[in-house]
Amino acid sequence: MSENKDQKFVYDFTEGNRDLKDLLGGKGANLAEMTNLGLPVPPGFTITTEACKVYLESGTAPAELREEVSAHLAALEAKMGKKLGQSDDPLLVSVRSGAKFSMPGMMDTVLNIGLSDDSVKGLAAQAGNERFAWDSYRRLIQMFGKTVLDVDGELFEEALDEAKAAKKVTVDTDLDAADLKKLVTRFKKIVAKQAGRDFPQDAREQLDLAVEAVFNSWNTDRAKLYRRQERIPSDLGTAVNVCSMVFGNLGPDSGTGVAFTRDPASGHAGVYGDYLQNAQGEDVVAGIRNTVPLADLETIDKASYDQLMTTMTTLENHYKDLCDIEFTIERGQLWMLQTRVGKRTAGAAFRIATQLVDQGLITEAEALQRVTGHQLAQLMFPRFDEDAKTALLGRGIAASPGAAVGKAVFDSYTAVKWSRSGEKVILIRRETNPDDLDGMIASEGILTSRGGKTSHAAVVARGMGKTCVCGAEELDVDTKRRRMTVGETVIEEGDVVSIDGSTGKVYLGEVPVVPSPVVEYFEGRMHAGADDADELVAAVHRIMAYADRVRRLRVRANADNAEDALRARRFGAQGIGLCRTEHMFLGERRELVERLILADTDEEREAALSALLPLQKKDFVELFEAMDGLPVTVRLLDPPLHEFLPDITELSVRVALAESRKDANENDLRLLQAVHKLHEQNPMLGLRGVRLGLVIPGLFKMQVRAIAEAAAERKNAKGDPRAEIMVPLVGTVQELEIVRDEAVQVIAEVEAATGTNLKLSIGTMIELPRAALTAAQIAEAAQFFSFGTNDLTQTVWGFSRDDVEASFFTAYLEKGIFGVSPFETIDKDGVGSLVRHAVKQGRATRPDLKLGVCGEHGGDPESVHFFHEVGLDYVSCSPFRIPVARLEAGRAAAEAKGSDSR
Ligand code: PEP
Ligand code: MG
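No experiment lies behind these values; they were computed from the predicted model shown.

With respect to the overall build of the protein
- The helix and strand tally for the protein stands at 36 helices and 31 strands.
- Taking the principal axes of its C-alpha atoms as reference, the protein extends roughly 110 × 65 × 60 Å.
- Here the protein, with 902 residues, has 54% of them falling under the buried criterion.
- Partitioning the intrachain contacts of the protein with sequence separation of at least 6 by distance along the chain shows that 68% fall at a separation of at least 24.
- Counting every atom, the protein has about 38600 Å² of accessible surface; 49% of that belongs to carbon and sulfur.
- Each charge sign in the protein was given a centre, from 108 positive and 137 negative side chains, and these centres are 1 Å apart.

This is the structure:
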């Protein structure tokens, strides 16, 4: 905290280490770590994120900072034997931002601080190279002008281009000392005119202003946007690294490069990186001149190359992971400028984790921390055939993964119309809004030319699990004329396009899609043990085995039919956590449900229920057979009855037309009456769940009988059915008691009639705040709880789950009210605290209470960790997400063990 008197705002590189990322930022912490490893890091110091926070809060740097910087600068000058900006032999420093989390390209850097009209001559004399000194000076003015004094960078670039054009050369290395000297004069004029002040000649003033500029760069619009998209908290601030300059632009024996300790795409060992002779770091990033492959450095400078290779091995063994590196060679001397654990593709993450286990560098538990459920999910999407010939149209933001192919349509209405007639379509819009929802649902994928990862299209598509590429700015979308133009190419409505939501690429025509090998493996169609097994599949197989070995949470599936149940089993499900029976009341059976709703007498109702019973029983027999030996939680009917009846408008029109023709249908009239009677303003808060069971006599009893009879049939066929009966939307224990007592009676009757002992358990969903709050009482009547976090989120927040994601969530995400929809990742503080409470209270009443979750959160990586932590017994999710849940359950257990033993 800033009020702490002993607080230190500046750390020498020799004082820090890699665990101090919060304070020193990632770059500073790693520079310190490399310094302590004895690697060649140019000396320097780091100004902490705390200093940045004080600056951002108060508008001025903390008072102590100036003195601390002076002390560290003096020590640096002593070490280097020269002073910052000294006229005859200047010490020069770089000033670089470095936050806790990498924010590539978001914040600022100023190199060559310490140069002035005076010291540039000293540098030239010392280096014996006039061209180099003037090149360094023009770079300083350019970077300082742009970053610190807010001068439009284009103006410098234009001046540089003009200088090259005047000399009829194309690369900046062809400009000589005299050209660069002239350019410096021109740059200084640009600064004076644009910034209204001269370029500062005082080295310390340059340093202090550059540090402030880095602090300020934390809050540029692009940095803010990036943080929101990447879910990086906005109050972390950035550290500032002040490092003595080394020069890659001193001639052909100097240069700069980037390297990876292994291939970030495949994980294979080897030499991966780029090198640029006679250049400073930003030349590589800016792509001004073409780099050469790192392997060529061996012929350019063998000694430095060998030293770099040894250093990379040291770093990999030390960090026990793939590292990426920035280095500079100054006249044959290698300097390390940065290292960090490198980014990698999802596939490489799995491969590298197992490779490192094989090398004995990490344990299996550590390997689990090197991969994520999100990466596994990415690997499970079908993808475009890599060998296919493609015509790339452009590239946008990879907003929601998957590979989608379809005919281009430019409005929602057409998307719906064409998809109804069996066409596959891609909805292309400039940006989407809630009116596009139907079209988005009807499409294979969504493509927009505007908006980022939190745009409406991106948020909604991710929520639907639909492929989406957004913000593809090269595409000129003209919705009025129903076409888009990319350069010379015009794509008309109906032309086929392919979009890749994992890479953001957009192609013209149909790119063939291949199933993911990882899914083929989970499906049992590809074997990890085979000699020629896909390397990725083998790695996934091993990591899944580690996860299964350590996880405490069991993983069940939300599945309503035998087909889904079987797939879930193949994917590793250990039972069904939610069978939603409402799906069994649709299709041809809808008519029976209508009869039930319209019944005026007990006889009519009984007749409708008796007709439904055998159908329900058959469903359950199939399900219990598919999940033989594993628990199957069957939820009694939940949704409001009107969902089973015809649409009120359609029916009203039908009846009105019939009446005008004087041939009104008696059944339609009764139906219309019922629809009116059942119409609710807020059906999600109305007559549904247990409330239905209590007001429609016989409905739940029929379902319980179907479950019990199905279980008995399976038992008598020597099966091992393990049914659990679940009551939805309970708010008070009294509701549950009534349903339970009826169920117990029905089960006893079936047991007696079939000579079986069914051991059916009866429990409830916890999906209303009142249920969670009174969990101690509810547990008296329930053998298990399953948290329905969809409804619980809806009712805790007062958010209509069917409406809000498409209406105002984009605005909420943009405003940073939450980083992710609470329907996607559990809201730990609100909904989560009710879950925690209910777990504790429920177990206090009934220590062997079984606890699970069956809301969508059961398959969400972050939420799985939460459910592990609060002590649930299992999570239940859609079959496709089971591997992700298994992996995350393993990661949560391994992480918890790791932190226990620390
Ligand atoms: C829930 O509410 O979390 C749940 C699983 O039930 P449904 O989504 O069917 O309402
Ligand atoms: Mg629910």
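Next comes the rest of the write-up.
What about the state of the cysteines?
- Going through the model one piece at a time under the given rule, you end up with 0 disulfides.
- Not engaged in a disulfide, the cysteine cysteine 854 finds its nearest cysteine sulfur in cysteine 877; these two sulfurs lie 11 Å apart.
- On the accessibility criterion, cysteine 854 (1% relative accessible area) is buried.

What about the side chain of glutamine 206?
- Its place among the elements puts glutamine 206 in helix 8 (residues 203–217).
- The residues touching glutamine 206, leaving out its near neighbours within four places in the chain, are Ile113, Gly114, Leu115, Leu140, Phe144, Phe199, Pro200 and Gln201.

Observations regarding the coordination of the magnesium ion (ligand 2)
- Within the protein, the atoms that donate to the magnesium ion (ligand 2) are Glu767 (OE) and Asp791 (OD), at distances of 2.0 to 2.2 Å. A residue pair is termed long-range when its members are at least 10 positions apart, and glutamate 767 in the loop between strand 28 (761–766) and helix 29 (769–773) and aspartate 791 in helix 31 (residues 789–797) qualify at 24 residues.
- For aspartate 791, a relative accessible area of 3% corresponds to the buried category.

A look at the sheet that holds strand 17 (residues 467–470)
- The 8 strands lie next to each other as 12-22-21-14-15-16-17-13, forming an open sheet whose pairing is mixed. Looking at strand neighbours, the two that pair on one side only are strand 12 (391–395) and strand 13 (397–400), the edges of this open sheet. Between one strand axis and the next, the sheet turns by 30° as a mean value, whatever way the strands run.
- Lying over the sheet, helix 16 (residues 412–420) contacts strand 14 (403–409) and strand 15 (425–429), oriented at roughly 110° with respect to strand 14.

Section: the domain arrangement of the protein
- The domain architecture assigned to the protein consists of domain 1 (255–344), domain 2 (381–514) and domain 3 (551–580 + 612–638 + 708–901).
- The centre of domain 2, based on its C-alpha atoms, is set 36 Å off from the matching centre of domain 3.

Observations regarding the pattern of salt bridges
- Overall, the coordinates contain 66 salt bridges when judged by the stated rule.
- Here aspartate 179 and lysine 167 are joined by a salt bridge, their closest N and O atoms 2.9 Å apart. Placement of aspartate 179 in helix 7 (residues 177–195) and of lysine 167 in helix 6 (residues 153–167) is noted, with a sequence separation of 12 residues between them.
- Residue aspartate 179 is classed as buried on the basis of its relative accessible area of 17%.
- Take lysine 167: its relative accessible area is 34%, and that puts it in the partly exposed class.
- The partner of lysine 302 in a salt bridge is glutamate 298, and the shortest N-O contact between them spans 3.9 Å.
- Classification of lysine 302 by relative accessible area gives partly exposed; the value is 45%.
- For glutamate 298, a relative accessible area of 35% puts it in the partly exposed group.
- In the salt-bridge network here, residues are joined through shared partners; they are Glu582, Arg635, Asp638, Arg688, Asp791 and Arg801.

About the criteria used
- Residues numbered from 1 in each chain as written.
- Chains lettered and ligands numbered in written order.
- Predicted model: local features only at pLDDT ≥ 70, side-chain atom pairs only at ≥ 80, totals over all residues.
- Heavy atoms only, no water.
- Helix = DSSP H or I, 4+ residues; strand = E, 2+ residues; numbered from the N terminus.
- Buried < 20%, exposed > 50% of the residue type's maximum accessible area, 1.4 Å probe, protein only.
- Contact = heavy atoms within 4.5 Å.
- Areas by Shrake-Rupley, 256 points an atom, 1.4 Å probe, with all protein chains shown as cover.
- Lys, Arg positive; Asp, Glu negative; His and termini not counted.
- Charge placed at Lys NZ, Arg CZ, Asp CG, Glu CD.
- Disulfide = S-S within 2.5 Å.
- Donors = N, O, S within 2.8 Å, 3.2 Å for Na, K, Ca; no water.
- Pairing = 2+ DSSP bridges.
- Axes fitted to C-alpha atoms, helices over the stretch in contact; angles between N-to-C directions.
- Domains from an automatic or database assignment.
- Salt bridge = Lys/Arg side-chain N within 4 Å of Asp/Glu carboxyl O.

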